[in-house]
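Descriptive structure summary
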Amino acid sequence: MAKYSIQVNGKTHEVDVMDDMPLLWVLRDVLGMRGTKFGCGKALCGACTVNLDDTAIRSCSFPISAVGKGKITTIEGISEKGDHPVQRAWEKHVVPQCGYCQTGQIMNAVAFLKSNSSPTEQEIEQAMQGNLCRCGTYNRIKEAILSAASEN
């Protein structure tokens, strides 16, 4: 066990966990933040996506020891009222069906739009291809990202 001081959604948390514990389980099981989902456990589906210093990462395979002084943002931290431009666009375009993948989709979209505020459809498709949606809402996801980008 080792002690880590991590910053999540603007707050510092002290955790005492194994060095190789995935960030996902620190967030969910140690800190009680349930918005980030477990999907495949192999960083292939994107359900566990969170942002580390505004870069999307797969928290299921990212060890707590690799966080360092980075700032973690989860779905709970992008907006207190659920009114982040991406969240509003998700509602406007009725993106979710089952909703399971949506927190990872949203977090990936938020990081992508920070690095590319005026994306093309092709750039969106490329940036989002690592996030899987069993319901097949890919066209609505793309529309929502274009919509959120136009708000900036």
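In what follows, the structure referred to is the one given above.
The following refers to the structure shown. (Residues numbered from 1 in each chain as written. Predicted model: local features only at pLDDT ≥ 70, side-chain atom pairs only at ≥ 80, totals over all residues. Heavy atoms only, no water.)

With that settled, the discussion passes to the sheet that holds strand 2 (residues 11-17). The strand order across the open sheet built from five strands is 2-1-5-3-4, with neighbouring strands paired in mixed fashion. Looking along the sheet, the strands with just one partner apiece sit at the ends: strand 2 and strand 4 (55-58). Between one strand axis and the next, the sheet turns through 40° on average, direction left out of account. Across the face of the sheet, helix 1 (residues 23-30) comes into contact with strand 1 (2-8), strand 2, strand 3 (49-52), strand 4 and strand 5 (71-73) while running at roughly 100° to strand 2. (Pairing = 2+ DSSP bridges. Helix = DSSP H or I, 4+ residues; strand = E, 2+ residues; numbered from the N terminus. Axes fitted to C-alpha atoms, helices over the stretch in contact; angles between N-to-C directions. Contact = heavy atoms within 4.5 Å.)

With that out of the way, let us pick up the pairing of strand 1. Burial of the side chains of strand 1 is restricted to one face: Ala2, Tyr4, Ile6 and Val8 are buried, whereas none of Lys3, Ser5 and Gln7 on the reverse face is. The loop that links strand 1 with its antiparallel partner strand 2 comprises two residues; one of these, Asn9, has a positive phi angle of about 55°. Pairing of strand 1 with strand 5, which is carried by two bridges, proceeds in the parallel orientation. Within the sheet, the bridge partner assigned to Val8 lies in strand 5 and is Ile72. (Buried < 20%, exposed > 50% of the residue type's maximum accessible area, 1.4 Å probe, protein only.)

Before going further, it helps to examine the side chain of Asn131. Tracing the backbone through its elements, the reader meets Asn131 in the loop between helix 4 (121-128) and helix 5 (138-151). Separated by 3.0 Å, the side chains of Asn131 and Asn108 make a polar contact. Residues contacting Asn131, with those up to four places away along its chain left out, are Cys45, Gly46, Thr49, Arg58, Gly104, Gln105, Asn108 and Tyr138. (Polar contact = N/O pair within 3.5 Å; in protein donor to acceptor, adjacent residues only side chain to side chain.)

Two aromatic rings, taken as a pair, are described by how far apart their centres are and by the angle between their planes. Tallied over the full model, the rule gives one aromatic pair. For the ring pair Trp25 and Phe38, a centre distance of 5.4 Å and an interplane angle of 35° mean the geometry is tilted. Remark: Phe38 occurs in the loop between helix 1 and strand 3 and Trp25 occurs in helix 1; sequence separation between them is 13 residues. Residue Trp25 is classed as partly exposed on the basis of its relative accessible area of 27%. (Phe/Tyr/Trp six-rings, centres within 6.5 Å; stacked < 30°, edge-to-face > 60°.)

Summarising the element assignment, Arg88 is placed in helix 2 (residues 85-92). Owing to a relative accessible area of 37%, Arg88 belongs among the partly exposed residues under this scheme. Residues contacting Arg88, with those up to four places away along its chain left out, are Asp83 and Glu151.

When two helices pack together, their arrangement is given by the angle between the helix axes and by the axis-to-axis distance. Running from N to C, helix 2 and helix 5 cross one another at 135°; their axes reach a closest spacing of 8 Å. Of the possible angle classes, the one that applies to helix 2 and helix 5 is oblique. Handedness of the helix 2/helix 5 crossing: right-handed. Residues Pro85, Val86, Arg88, Ala89, Trp90 and Lys92 of helix 2 form the contact with helix 5, whose own contacting residues are Ile141, Ala144, Ile145, Ser147, Ala148 and Glu151. Per-class residue counts for the contact of helix 2 with helix 5 are eight nonpolar, one polar and three charged. (Parallel < 35°, antiparallel > 145°, perpendicular 65-115°, else oblique. Left-handed = near helix turned anticlockwise from the far one by under 90°. Nonpolar A, V, L, I, M, F, W, Y, C, P; charged D, E, K, R; others polar.)

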